[in-house]
Amino acid sequence: MSKSILVRTASSSYEVLIDKSLLKSYNFQWLIENKQILVVKDSEVPEKFLNNLKKNLAQSEPKNLISFEIQTSEENKSIEGIKPIYEVLNQNKFNRDCVIISLGGGITTDMTGFVASSYLRGVDLIQIPSTLLSQVDAAIGGKTGINFQGAKNNIGAFYQPNLVLIDIDLLSSLGKSEISEGLAEIIKHSLIADKSLFEELEQKITNGSITNDDDLIKIIYDSSLIKSSIVSSDEKEKGDRALLNFGHTFGHAFESSMALKGFTHGQAVGLGMVCASKLSLVLGKIENEEYERIKKIVKSAGLPTKLPTNFDYIEFKEAMSRDKKILSDKLRFITLNSIGRAQISENIDENTLIESLKI
Ligand SMILES: NC(=O)c1ccc[n+]([C@@H]2O[C@H](COP(=O)([O-])OP(=O)(O)OC[C@H]3O[C@@H](n4cnc5c(N)ncnc54)[C@H](O)[C@@H]3O)[C@@H](O)[C@H]2O)c1
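Residues numbered from 1 in each chain as written. Predicted model: local features only at pLDDT ≥ 70, side-chain atom pairs only at ≥ 80, totals over all residues. Heavy atoms only, no water.

Asks: Honestly, the overall build of the protein in this entry has me stumped. Any pointers?
Replies: A tally of helices and strands in the protein yields 14 helices and 11 strands. For 359 residues, the compact-globule estimate of 2.2 N^0.38 gives 21 Å, and the C-alpha radius of gyration of the protein, at 20 Å, lies within 12% of that figure. With respect to the three principal axes, the spread of C-alpha positions in the protein is 60 × 45 × 35 Å. Per-residue burial over the protein gives 55% buried out of 359 residues. Within the protein, counting contacts between residues at least 6 apart in sequence, those at least 24 apart form 75% of the total. Summed over its atoms, the accessible surface of the protein is roughly 15500 Å², and 47% of this surface lies on carbon and sulfur atoms. If you average the places of the 42 positive and of the 47 negative side-chain charges in the protein, the two averages end up 2 Å apart. (Helix = DSSP H or I, 4+ residues; strand = E, 2+ residues; numbered from the N terminus. Rg over C-alpha atoms; globule rule 2.2 N^0.38 Å. Buried < 20%, exposed > 50% of the residue type's maximum accessible area, 1.4 Å probe, protein only. Contact = heavy atoms within 4.5 Å. Areas by Shrake-Rupley, 256 points an atom, 1.4 Å probe, with all protein chains shown as cover. Lys, Arg positive; Asp, Glu negative; His and termini not counted. Charge placed at Lys NZ, Arg CZ, Asp CG, Glu CD.)

Asks: Can you help me understand the site of the ligand in this one?
Replies: Around the ligand, a shell composed of 24 residues is seen, among which E74, G106, S130, T131 and S173 lie nearest. One of the side-chain N or O atoms of E74 is found 2.7 Å from an oxygen atom in the ligand. Within the side chain of N153, an N or O atom sits 3.2 Å from an oxygen atom of the ligand. Here the ligand loses 84% of its free accessible area of 860 Å² to cover by the protein chains. (Near = heavy atom within 4 Å. Polar contact = N/O pair within 3.5 Å; in protein donor to acceptor, adjacent residues only side chain to side chain.)

Asks: How do you make sense of the packing of aromatic side chains when you look at a structure like this?
Replies: Each aromatic ring pair is specified by the distance between its two centres and by the angle formed by the two planes. Counted by the stated rule, this structure contains 8 aromatic pairs. Ring centres of Y26 and F28 lie 4.9 Å apart, and the angle between their planes is 75°; this geometry places the pair in the edge-to-face category. Here F28 falls in the buried class, since its relative accessible area comes to 0%. Put simply, the rings of F250, F254, F311, Y313, F316 and F333 touch in pairs and so form one group of aromatic residues. Over the ring of Y221 we find K3, and its NZ or CZ is 4.8 Å from the ring centre. (Phe/Tyr/Trp six-rings, centres within 6.5 Å; stacked < 30°, edge-to-face > 60°. Lys NZ or Arg CZ within 6 Å of the ring centre and 35° of its normal.)

Asks: So what exactly am I meant to see when it comes to the side chain of S356 here?
Replies: Residue placement: S356 occurs in helix 14 (residues 350–356). The buried category is assigned to S356, whose relative accessible area is 0%. Within the structure, S356 has its side chain in polar contact with the backbone oxygen of L353 (distance 2.6 Å). Aside from chain neighbours lying at most four places away, what touches S356 is F250, C275, K278 and L279.

Asks: Would you explain the pairing of strand 4 (residues 64–70) in this entry?
Replies: Each regular strand carries side chains that alternate between the two faces of the sheet. Where strand 3 (residues 36–42) meets strand 4, 7 bridges bridge the pair, whose relative direction is parallel. Looking at the pairing, I37 lines up with L65 of strand 4. One crossover worth recording links strand 3 to the parallel strand 4 by way of helix 3 (residues 47–59), and it is right-handed. (Pairing = 2+ DSSP bridges. Right-handed = clockwise from strand over helix to strand, strands pointing away.)

Asks: In this structure, what is going on with empty space enclosed by the protein? I would like to understand it.
Replies: Once rolled over the atoms, a probe with the size of a water molecule shows which space is left empty. Applying the stated criterion to the full structure yields 1 cavity of 30 Å³ or more. Considering only enclosed or pocket space, the largest cavity measures out at about 30 Å³ in volume. Taken together, the residues of the lining of the largest cavity break down into 4 nonpolar, 3 polar and 1 charged. (1 Å grid on protein atoms, 1.4 Å probe; cavity = no way out; pocket = protein on both sides within 12 Å on 5 of 7 lines; lining within 4 Å. Points joined across faces, edges and corners; volume = space filled by probe spheres on them. Nonpolar A, V, L, I, M, F, W, Y, C, P; charged D, E, K, R; others polar.)

Asks: Please clarify how the environment of V16 should be interpreted in this entry.
Replies: Among the secondary structure elements, V16 is positioned in strand 2 (residues 13–19). Residue V16 is classed as buried on the basis of its relative accessible area of 0%. Here the alpha-carbon distance between V16 and K48, two residues 32 residues apart in the chain, equals 23 Å. If we skip the residues at most four places from it in the chain, V16 touches K3, S4, I5, V7, I140, V164 and I166.

Asks: Please clarify how the pattern of salt bridges should be interpreted in this entry.
Replies: Pairing is possible between side chains that carry opposite charge, provided their charged atoms lie close to one another. Throughout the structure, instances matching the rule amount to 19 salt bridges. When the shortest N-O distance is used, the salt bridge between D124 and K35 registers 4.0 Å. With D124 in strand 6 (residues 124–129) and K35 in the loop between helix 2 (29–32) and strand 3, this residue pair connects regions lying 89 residues apart in the sequence. Judged by its relative accessible area of 17%, K35 falls in the buried class. Where E355 meets K358, a salt bridge forms, and the shortest distance between an N and an O atom there is 2.8 Å. Taken together, the shared-partner salt bridges connect E200, K204, D215, K218 and D222 into one network. (Salt bridge = Lys/Arg side-chain N within 4 Å of Asp/Glu carboxyl O.)

Remember that the coordinates give geometry; whether it matters functionally is a separate question.
The structure is reproduced here in structure tokens:
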């Protein structure tokens with residue numbers, strides 16, 4: 001049962017379509033007929049998916065169709081990493097009327113999106129995210145970019161795609177930890193905006209896993225809808241989009257903390273959401289019962305809920321003060337008013353911060 005979302009931002013509108021078998025069956029004709037097409041593929045996405053996509057694209061009679069593979073790592077999400085994509089476009093004389101398609105996880109959609117935003121001052125872009133995280137998060141909302149001189153995503157552009165296709169078949173080749181990374185963002189969306197999604201996740205994640213396709217499509221839809229509606233109302237992160245940082249202020253500081261070296265982004269965010277919920281509890285905004293439910297769901301998603309014994313508070317605080325999402329020297333966090341409702345909390349004092357780390 002396919003589901004569709006219309007994202008309307010100040011700069012453009014586009015569809016996010018969620019279903020099975022989209023690579024094989026989506027009719028691309030309206031976007032690609034008689035145009036030059038470049039598919040940028042993550043090297044880890046199995047070849048069969050690219051073959052299915054290319055076979056389908058060919059039926060819409062593009063002028064030419066080229067695919068190019070990239071290695072995805074945070075190191076390669078860089079100026080050097082995107083240079084070969086510009087070279088392929090240039091060498092093949094792609095004009096302003098061309099279409100670039102990404103087929104990969106968040107690194108691929110961020111890199112490809114940035115190339116599309118800047119090649120000939122902007123060309124058409126189709127995002128086909130292939131990880132759960134990129135399906136519910138990275139591919140929606142138009143943030144594109146690369147890393148530069150050790151800082152994450154500090155070169156980039158807000159650039160909306162023409163279409164986002166979420167094909168759940170792509171998830172079949174992901175490992176357990178990549179699924180957990182995506183679940184972290186889905187849980188986050190439910191916590192900040194949708195109590196009934198949280199309750200559904202409690203049932204589905206806690207009692208095993210999401211096994212049937214319709215359930216998976218509905219959960220991706222509900223989660224993407226939250227991201228879509230927040231970015232629709234705040235395309236350039238001037239207001240409500242900050243709510244999407246729930247758990248991330250803690251998470252980013254954990255990621256650069258030695259004691260948590262080796263933690264994935266999703267694991268750091270999982271732990272960050274538990275701390276942000278504890279902060280909400282300490283501030284008297286949520287009940288202990290809600291806090292315990294949040295901890296339980298994070299754990300069921302395969303994410304950590306305890307800090308390592310060698311965790312160093314001083315190092316953590318330094319990392320936190322470097323975070324661009326904390327305004328000036330005020331400690332600013334996203335907190336919960338209840339499960340399904342979030343707000344920005346400012347001027348958090350240090351004792352409260354220390355209490356929120358006691359999880
Ligand atoms: N633009 C945004 O709004 C936004 C939001 C969140 C995250 N991000 C960015 O997204 C990135 C993280 O995204 P991610 O978690 O998708 O990481 P990723 O792109 O690194 O993908 C995770 C891993 O899965 C592999 N992979 C991808 N699809 C696969 C498939 N179908 N089968 C098998 N393996 C597959 C990749 O090669 C990689 O090893 C970060 O760079 C982050 O900054 C951007």
